[in-house]
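Okay, here's what each chain looks like letter by letter:
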Amino acid sequence: MSTSTRTGGEWLEAWDPENEETWDRAIAWRTLWITTFTLTLAFITWFLPSAIVPKLNALGYSFSQTQLYWMAAMPGLAAGLLRIVWMVLPPLLGTRKMVAATTLLLFFPVLGWGVRVQEPTAPYWELMVLAFLAGIGGGAFSGFMPSTSYFFPRRMQGTALGLQAGLGNFGVSVVQLLTPWLIGFGMIGFLGSSQMMQVAGAQSREVWYQNAAFFWIPFIIAGAAVAWMFLKSVPVKANIRQQFDIFRNQDTWWMTLLYIMTFGTFSGLSAQFGLLMNNLYGAGNSEIVRGAGESAQMLIDGYALPDPVKYVFLGPLVGAGARVLFSPLTDRMGGAVWTLISGLGLIATIAWTIPGLTPDTSSAEALQSGFDRFLWGMLLIFLFAGIGNASTFKQMPMIFERRQAGGVIGWTAAIAAFGPFFFGVGLTLMSPTTFYIIGIAFAVMCVGITWWRYARPGAPKPG
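Residues numbered from 1 in each chain as written. Predicted model: local features only at pLDDT ≥ 70, side-chain atom pairs only at ≥ 80, totals over all residues. Heavy atoms only, no water.

J.: Is there a simple way to think about the pattern of salt bridges in this case?
T.: Should their charged atoms come close, side chains of opposite charge can pair. Going through the model one piece at a time under the given rule, you end up with seven salt bridges. The shortest N-O distance in the salt bridge between Glu 10 and Lys 97 comes to 2.7 Å. A residue pair is termed long-range when its members are at least 10 positions apart, and Glu 10 in the segment before α1 (25–52) and Lys 97 in helix α4 (residues 95–105) qualify at 87 residues. Judged by its relative accessible area of 9%, Glu 10 falls in the buried class. A relative accessible area of 32% means that Lys 97 is categorised as partly exposed. (Salt bridge = Lys/Arg side-chain N within 4 Å of Asp/Glu carboxyl O. Helix = DSSP H or I, 4+ residues; strand = E, 2+ residues; numbered from the N terminus. Buried < 20%, exposed > 50% of the residue type's maximum accessible area, 1.4 Å probe, protein only.)

This is the structure:
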């Protein structure tokens with residue numbers, strides 16, 4: 001890794017993590033923990049709409065299912081586009097400026113959602129803009145991960161990047177887990193008044209949905225301040241043109257497909273899990289909820305509508321946990337074998353879940369059985385996607401030289417961040433069953449690539 005002549009309090013001199021005698025572990029691990037904290041806030045911001053959008057109509061809005069799918073998909077579209085920008089920032093800005101400025105930018109979409117959720121008066125286009133700005137949190141990933149990779153030797157990058165990405169991914173679960181609790185009480189009077197939330201089959205209840213956003217603002221401000229005060233930067237020499245030489249390497253494209261299979265699945269399902277559950281087994285399914293006048297609704301006897309807010313955090317939690325727990329195993333055994341296991345697991349679990357995508361409304365027992373299959377199948381999909389997220393990030397530093405590895409990590413993350421967008425579009429244009437069958441076909445292709453290029457005996461690029 002070549003370094004430039006930039007020096008000063010922010011810039012580290014003669015930084016070589018492969019040299020044990022001069023490598024400063026304290027700086028490396030401090031960088032990891034600070035950037036992991038801020039990356040967690042970024043993921044919270046990115047997936048804040050996924051915790052709010054399923055409840056917008058219950059708060060008084062009247063959007064169609066298609067409009068809600070598009071709104072939940074918009075942060076994914078934004079993140080994919082913005083990651084292409086963020087992937088070139090580490091060598092240009094350095095870790096300190098990039099992390100501090102990015103964290104501060106999270107303030108704006110979080111504030112906007114907190115304001116606009118209080119009254120059902122915001123036009124659709126404005127909420128779509130806020131959903132797009134939430135994608136800044138997703139864009140951050142392609143800058144944070146490569147910059148952190150500069151601080152650690154290759155032998156530790158599976159663990160270091162797995163910890164950062166995995167703990168950062170927990171931000172998805174955190175925002176979805178805490179939202180039901182945060183909205184249940186008034187925090188501080190000046191944060192706004194309460195709303196009445198009406199859910200099919202249940203009584204109206206008083207909520208403070210702005211808390212789901214406003215709660216994170218102090219942490220965002222603190223994270224930006226800590227990053228500015230305590231982070232350093234590695235002076236990597238690479239302009240934008242030099243960084244784009246990764247596209248002449250065929251492994252850039254193969255690893256992009258593999259990361260779409262793993263992180264694309266994780267992020268896409270994380271964003272759409274709540275809406276999918278609501279539209280299949282909840283109040284969004286008109287065959288389950290039948291109108292009985294304007295003021296009441298009749299449910300299939302004996303069937304309790306699931307509240308998506310109580311379940312959606314479980315998938316990202318499983319996926320993020322798998323990424324953290326399996327990262328040390330990828331350092332020990334190599335990433336390719338675990339990417340292969342991830343792909344095979346995704347094929348099996350997607351196929352097992354498909355029958356649960358067609359609810360049987362003949363009885364409450366049949367509905368409950370279908371819901372159980374859907375829920376457990378989704379959690380297993382998240383598990384194998386998380387394993388693949390860990391293993392692919394072990395492969396990239398082993399396949400590419402250090403400067404290129406950072407660019408490839410940023411690029412593959414950028415494309416896979418379109419997951420929420422592609423899942424939203426796919427579930428809008430076709431049935432969930434058709435979309436999942438396409439997912440199986442894609443995973444089969446990725447398993448073939450993994451075996452031939454990386455995992456078989458004598459593979460060209462074992463890693």
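Text resumes after the structure shown.
J.: Where do I start with the packing of aromatic side chains in this structure?
T.: The geometry of two aromatic rings is summed up by the distance between their centres and the angle between their planes. Considering all chains together, one arrives at 34 aromatic pairs under this definition. On the numbers, 5.5 Å between centres and 45 degrees between planes, the contact of Phe 215 with Phe 219 is tilted. A relative accessible area of 23% places Phe 215 in the partly exposed class. Judged by its relative accessible area of 35%, Phe 219 falls in the partly exposed class. (Phe/Tyr/Trp six-rings, centres within 6.5 Å; stacked < 30°, edge-to-face > 60°.)

J.: In this structure, what is going on with the nonpolar core? I would like to understand it.
T.: Among the nonpolar cores identified, the biggest contains 128 residues, and Leu 56, Trp 113, Tyr 209, Phe 374 and Tyr 436 are the most heavily contacted of them. Top contributing element to this core by residue count: helix α15 (residues 364–399), with 15 residues. Residues in contact with Tyr 436, not counting those within four places in the same chain, are Leu 269, Leu 276, Ile 350, Thr 353, Ile 354, Leu 357, Met 378 and Ile 381. Within the second largest apolar cluster, 15 residues are counted, among which are Leu 12, Ala 28, Leu 32 and Val 324. (Core = buried A, V, L, I, M, F, W, Y, C linked by side-chain atoms within 4.5 Å. Contact = heavy atoms within 4.5 Å.)

J.: Help me understand the environment of Phe 400, please; the structure alone is not making it clear to me.
T.: Mapped onto the elements of the fold, Phe 400 is located in the loop between α15 and α16 (402–416). The spatial distance from the C-alpha of Phe 400 to the C-alpha of Asn 169 is 24 Å, given a sequence separation of 231 residues. Among all residues touching Phe 400, those that are not within four sequence positions of it are Arg 154, Asn 249, Asp 251, Thr 252, Met 255, Ala 405 and Val 408.

J.: What's the story with the confidence of the model for the protein in this structure? I'm lost.
T.: Where the model shows low pLDDT, its predicted coordinates should not be examined in detail. Per-residue confidence for the protein averages 87 on the pLDDT scale, and 93% of its residues sit at or above 70. Contacts of residues 292–296 to residues separated by more than four positions or lying in other chains number three contacts, the stretch itself having pLDDT below 50. (pLDDT = per-residue confidence, 0-100.)

J.: What exactly am I supposed to notice about the side chain of Thr 262 here?
T.: Of note, Thr 262 is situated in helix α12 (residues 250–281). Relative accessible area serves as the criterion here: at 0%, Thr 262 is assigned to the buried category. Sequence-distant contacts of Thr 262, defined by excluding residues within four places in its chain, comprise Ser 342, Ala 385, Gly 388, Asn 389 and Thr 392.

J.: What is the right way to read a nonpolar patch on the surface from this model?
T.: Together, Val 226, Trp 228, Met 229 and Phe 230 give the surface a local cluster of nonpolar side chains, amounting to about 400 Å² of exposed area. Position of Met 229 among the secondary structure elements: in helix α10 (residues 217–230). (Patch = residues over 30% accessible without salt bridge, like charges linked within 9 Å, V, L, I, M, F, W, Y side chains within 5 Å. Areas by Shrake-Rupley, 256 points an atom, 1.4 Å probe, with all protein chains shown as cover.)

J.: Would you mind going over the packing of helix α8 (residues 154–182) against helix α13 (residues 314–333) with me for this structure?
T.: Each packed pair of helices is defined by two parameters, the angle between the axes and the distance between the axes. Two elements in contact, α8 and α13, have axes whose closest approach is 7 Å; the angle formed by their N-to-C orientations is 170 degrees. Between α8 and α13, the crossing angle belongs to the class labelled roughly antiparallel. Residue composition of the contact of α8 with α13, by class: eleven nonpolar, eleven polar and three charged. (Axes fitted to C-alpha atoms, helices over the stretch in contact; angles between N-to-C directions. Parallel < 35°, antiparallel > 145°, perpendicular 65-115°, else oblique. Nonpolar A, V, L, I, M, F, W, Y, C, P; charged D, E, K, R; others polar.)

J.: Honestly, the environment of Arg 453 in this entry has me stumped. Any pointers?
T.: Residue position: Arg 453 is located in helix α18 (residues 432–455). Residue classification places Arg 453 among the buried residues on the basis of a relative accessible area of 14%. Placed 323 residues apart in sequence, Arg 453 and Leu 130 show a C-alpha to C-alpha distance of 41 Å. Contacts of Arg 453, omitting those with residues within four sequence positions, involve Gln 250, Asp 251, Trp 254, Ala 459, Pro 460 and Lys 461. A distance of 2.9 Å separates a polar atom in the side chain of Arg 453 from a polar atom in the side chain of Asp 251. (Polar contact = N/O pair within 3.5 Å; in protein donor to acceptor, adjacent residues only side chain to side chain.)

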